[in-house]
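Fold and geometry: a report
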Amino acid sequence: MIDPRDMEHCVEAIRHGSLSFHAASRLLPRRLRDPALALYAFCRLADDAVDLQAAKADAVLALHDRLDRAYGGTPRDAPEDRAFAAVIDEFGMPRALPEALLEGLAWDAMDRRYASLSDLRAYSARVAAAVGAMMCVLMRVRDPNTLARACDLGVAMQLTNIARDVGEDAREGRLYLPTDWMHEAGVPPEEFLRDPQATPAVRAMVRRLLREADDRYAWCDAGIAELPLSCRPGIFAARHIYGGINRRVRAGDHDTITRRARTTGRQKLGWLILSFLRCAGTVAMPRSPMLYARPLPETAFLVEAAGDPHAGASDWSDTLYRTMAQLKTQDRKTSPALLRTG
């Protein structure tokens, strides 16, 4: 059971840190809303801990310790940690799911580049689809088909984020556009990072990302219809709010270098109303055959982990240990160089 004071802190963190998620969460039933906000607050904390700090490797390693303590039943004395530990205990959250998120954050700390769309999906699986799988666990949903569609939604939302933030990321020295696409378009990655411009070639790559995201949104609808009825409006809301960002990017002619796509409060209200209508439609409509499509190869491991109700107590995987070892090695190599140039 989450302590009410810890819950209040998590709610405030989301209210100020993610207006889109906070708006969508208001449509969730109370029994799901509180653990979902606690989960998302910890995920936001994890993301900010890496994104906003110069010592990114140290931040990821500290998060590894925090997760270890949460799963050991001795969380760090912080509201988000205590709330997340309560979620782990109540719902039997498989360790592989937050572990995947941690691995994605480690890739960020390593300034990893993604050569292909498949590589970018693998990153999106870790930092976003893992959260979708965790949300299913909170709903007590372990059906592999529904989990696969939840992962589709996570990948779609992350691709939307990447498309929206191309310019902002470039100015921070981050690059998520597939480098194969960039080479094909005659846009050298390093030159783009030095001087990001909204050229026709770059806009075309943003358009490709949005098409991929839209495909994933279409697949996820079949899974939302399989969730508990009281949960569907909130998940539809998240889907439509992020899909609305895609439309705003298109309205700006795919220029996410000099402008940032924003949605208004009135638009969000419209999507919330649409979400209730979509939910009502799922009661009358037959089950979509799209539900039974195989999961993306890059998200299959999440579907397997979330579908196993006994997976919560497993130890950290060899994959995460290897990633952490690479991060430590990279940090040791870069730290002396930073000291010499400081």
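Look above for the structure.
The structure presented is a predicted model; accordingly, all values stated were derived computationally and were not measured. (Residues numbered from 1 in each chain as written. Predicted model: local features only at pLDDT ≥ 70, side-chain atom pairs only at ≥ 80, totals over all residues. Heavy atoms only, no water.)

**Structural notes on the overall build of the protein chain**
A count of helices and strands for the protein chain gives 16 helices and zero strands. Long-range contacts, defined as pairs at least 24 residues apart, comprise 77% of the intrachain contacts of the protein chain with a sequence gap of at least 6. Counting every atom, the protein chain has about 15,700 Å² of accessible surface; 53% of that belongs to carbon and sulfur. (Helix = DSSP H or I, 4+ residues; strand = E, 2+ residues; numbered from the N terminus. Contact = heavy atoms within 4.5 Å. Areas by Shrake-Rupley, 256 points an atom, 1.4 Å probe, with all protein chains shown as cover.)

**A look at the packing of helix α7 (residues 117-138) against helix α8 (residues 144-164)**
The interhelical angle for the contact between α7 and α8, taken along N-to-C directions, is 130°, at an axis separation of 7 Å. Of the possible angle classes, the one that applies to α7 and α8 is oblique. Relative to α8, α7 is oriented so that their crossing is right-handed. Across from Leu 120, Arg 121, Tyr 123, Ser 124, Ala 125, Val 127, Ala 128, Ala 129, Gly 132, Ala 133 and Cys 136 in α7, the residues of α8 making contact are Leu 147, Ala 150, Cys 151, Gly 154, Val 155, Gln 158, Leu 159 and Ile 162. Among the residues making up the contact of α7 with α8, the classes are represented as 14 nonpolar, four polar and one charged. (Axes fitted to C-alpha atoms, helices over the stretch in contact; angles between N-to-C directions. Parallel < 35°, antiparallel > 145°, perpendicular 65-115°, else oblique. Left-handed = near helix turned anticlockwise from the far one by under 90°. Nonpolar A, V, L, I, M, F, W, Y, C, P; charged D, E, K, R; others polar.)

**Quick look at empty space enclosed by the protein**
Gaps between atoms show up when a probe of the same size as a water molecule is rolled over them. All told, the structure shown has two cavities of 30 Å³ or more when counted by the stated rule. Taken together, Leu 39, Phe 42, Cys 43, Ala 46, Leu 63, Leu 67, Phe 84, Pro 98, Leu 101, Leu 102, Leu 105 and Met 134 make up the lining of the largest cavity. Breaking the lining of the largest cavity down by element, the ones donating at least two residues are α3 (30-51), α4 (56-71) and α6 (96-109). Considered as a void within the structure, the second largest cavity measures approximately 40 Å³ in volume. Along its surface, the second largest cavity is lined by Ile 162, Val 166, Asp 169, Arg 174, Leu 175, Tyr 176 and Leu 177. A breakdown of the residues in the lining of the second largest cavity according to their chemical character gives five nonpolar, no polar and two charged. (1 Å grid on protein atoms, 1.4 Å probe; cavity = no way out; pocket = protein on both sides within 12 Å on 5 of 7 lines; lining within 4 Å. Points joined across faces, edges and corners; volume = space filled by probe spheres on them.)

**Overview of helix α13 (residues 232-251)**
Its 20 residues give α13 an end-to-end C-alpha distance of 28 Å, which sits within 8% of 28 Å, the value for a rise of 1.5 Å per residue. Counting buried residues in α13 gives 16 out of 20 residues, a clear majority hidden from the surface. Just past α13, the residue Asp 253 takes up positive phi, approximately 55°. (Expected span 1.5 Å × (residues − 1). Buried < 20%, exposed > 50% of the residue type's maximum accessible area, 1.4 Å probe, protein only.)

**Focus on a nonpolar patch on the surface**
A grouping of Leu 269, Ile 273, Leu 274 and Leu 277 is seen on the molecular surface, where their side chains present a nonpolar patch of about 370 Å² in accessible area. Examined against the element boundaries, Leu 277 turns out to sit in helix α14 (residues 265-284). In this structure Leu 277 comes out as exposed when scored by relative accessible area, which is 58%. (Patch = residues over 30% accessible without salt bridge, like charges linked within 9 Å, V, L, I, M, F, W, Y side chains within 5 Å. Salt bridge = Lys/Arg side-chain N within 4 Å of Asp/Glu carboxyl O.)

**Examining α14**
Taking 1.5 Å per residue, 20 residues should reach 28 Å; α14 reaches 30 Å between its end C-alpha atoms and fits that length. The complete set of buried residues in α14 reads Lys 268, Trp 271, Leu 272, Ser 275, Cys 279 and Thr 282. Viewed along the axis of α14, the buried residues span an arc of 105°, placing them on a single side of the element. Opposite its buried face, α14 presents the exposed residues Arg 266, Leu 269, Leu 277 and Ala 284, each directed more than 90 degrees away. (Arc of directions from axis to C-beta.)

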